[in-house]
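A structural walkthrough
Chain by chain, the residues:
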Amino acid sequence: QVQLVESGGGLVQAGGSLRLSCAASRNIFSVNAMGWYRQAPGKQRELVATITRSGTTNYADSVKGRFTISRDNARNTVYLQMNSLKPEDTAVYYCNADYGVLHSNYWGQGTQVTVSS
């Protein structure tokens, strides 16, 4: 079992920045991929960004050029740097981890991000 704990959410004005952190209870060096997803009220959960074991990143078109995902293996932590935030970025942001040959999937409890106009 793996616990993922997100932090760093909050209220920010449009154009501002936030950095989300996701701390894993297990070493992330061998993780297949980790990612950030978000869910706005009344909408489905959607992918924001992922980073693979090799460091390959992938972003939703809506956040390209504004968000950056990174990882610190020594701290078992994945980050999401969010710049130039927009009101439409308002959502609960969830961390996800894909471990092992069976691709066991784990989720954090979520952190709220609210962007005011």
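I will try to describe carefully the structure that is included in this document. Every value quoted in this text rests on a predicted model; they were computed, and no experiment measured them.

Parameters and conventions
- Residues numbered from 1 in each chain as written.
- Predicted model: local features only at pLDDT ≥ 70, side-chain atom pairs only at ≥ 80, totals over all residues.
- Heavy atoms only, no water.
- Core = buried A, V, L, I, M, F, W, Y, C linked by side-chain atoms within 4.5 Å.
- Buried < 20%, exposed > 50% of the residue type's maximum accessible area, 1.4 Å probe, protein only.
- Helix = DSSP H or I, 4+ residues; strand = E, 2+ residues; numbered from the N terminus.
- Contact = heavy atoms within 4.5 Å.
- Phe/Tyr/Trp six-rings, centres within 6.5 Å; stacked < 30°, edge-to-face > 60°.
- Lys NZ or Arg CZ within 6 Å of the ring centre and 35° of its normal.
- Pairing = 2+ DSSP bridges.
- Axes fitted to C-alpha atoms, helices over the stretch in contact; angles between N-to-C directions.
- Polar contact = N/O pair within 3.5 Å; in protein donor to acceptor, adjacent residues only side chain to side chain.
- Disulfide = S-S within 2.5 Å.

**Some words on the nonpolar core**
Core analysis: the largest hydrophobic core is formed by 32 residues, its most contacted members being Leu4, Met34, Trp36, Leu80, Met82 and Tyr93. Going through the elements one at a time, β3 (18–24), β4 (33–39), β5 (46–52), β7 (67–72), β8 (77–82), β9 (91–99) and β11 (111–116) are the ones with two or more residues in this core. Top contributing element to this core by residue count: β9, with 5 residues. What Met34 contacts, discounting residues up to four positions off in sequence, is Leu4, Cys22, Ile28, Ala49, Thr50, Ile51, Ile69, Val78, Cys95, Asn96 and Ala97.

**Some details on the packing of aromatic side chains**
To describe a pair of aromatic rings, one takes the distance between the centres and the angle between the planes. Scanning the entire structure with this criterion turns up 2 aromatic pairs. On the basis of an interplanar angle of 65° and a centroid distance of 5.1 Å, the ring pair of Tyr37 and Trp107 is categorised as edge-to-face. Placement of the pair is Tyr37 in strand β4 and Trp107 in strand β10 (residues 104–107), with a sequence separation of 70 residues. A ring pair is formed by Tyr99 and Tyr106, whose centres lie 6.1 Å apart and whose planes are at 75°; its orientation type is edge-to-face. Accessibility assignment for this pair places Tyr99 and Tyr106 in one class, buried. Here Arg26 stacks its cationic end above the ring of Tyr99, 4.9 Å away from the centre of that ring. Positioned above the aromatic ring of Tyr94 is the side chain of Arg45, whose terminal nitrogen or guanidinium carbon lies 3.7 Å from the ring centre.

**Let's talk about the sheet that holds β3**
Strand order in the open sheet made by the 4 strands is β1-β3-β8-β7, with antiparallel pairing throughout. The open sheet has two edge strands with one neighbour each: β1 (4–7) and β7. Within this sheet the neighbouring strands show an average axis-to-axis angle of 15°, counted without direction. Where β3 lies against β8, 6 bridges are found, and the strand directions are antiparallel. Within the sheet, the bridge partner assigned to Ala23 lies in β8 and is Thr77.

**Looking at the side chain of Asn76**
Summarising the element assignment, Asn76 is placed in the loop between β7 and β8. Among the polar contacts listed, one links the side chain of Asn76 to the backbone nitrogen of Ile28, at a separation of 3.3 Å. Each residue touching Asn76, except ones within four places of it in the same chain, is listed here: Cys22, Ala23, Ala24, Arg26, Asn27 and Ile28.

**Quick look at the state of the cysteines**
What the rule picks out here adds up to 1 disulfide. Residue pairing for Cys22: its cysteine sulfur links by disulfide to Cys95, the two sulfurs lying 2.0 Å apart. In this structure the cystine formed by Cys22 and Cys95 twists about its S-S bond by roughly -80°; its chirality is therefore left-handed. Of this pair, Cys22 sits in strand β3 while Cys95 sits in strand β9, and the two are 73 residues apart along the sequence. Among the residues examined, Cys22 registers a relative accessible area of 0% and is labelled buried. For Cys95, a relative accessible area of 0% puts it in the buried group.

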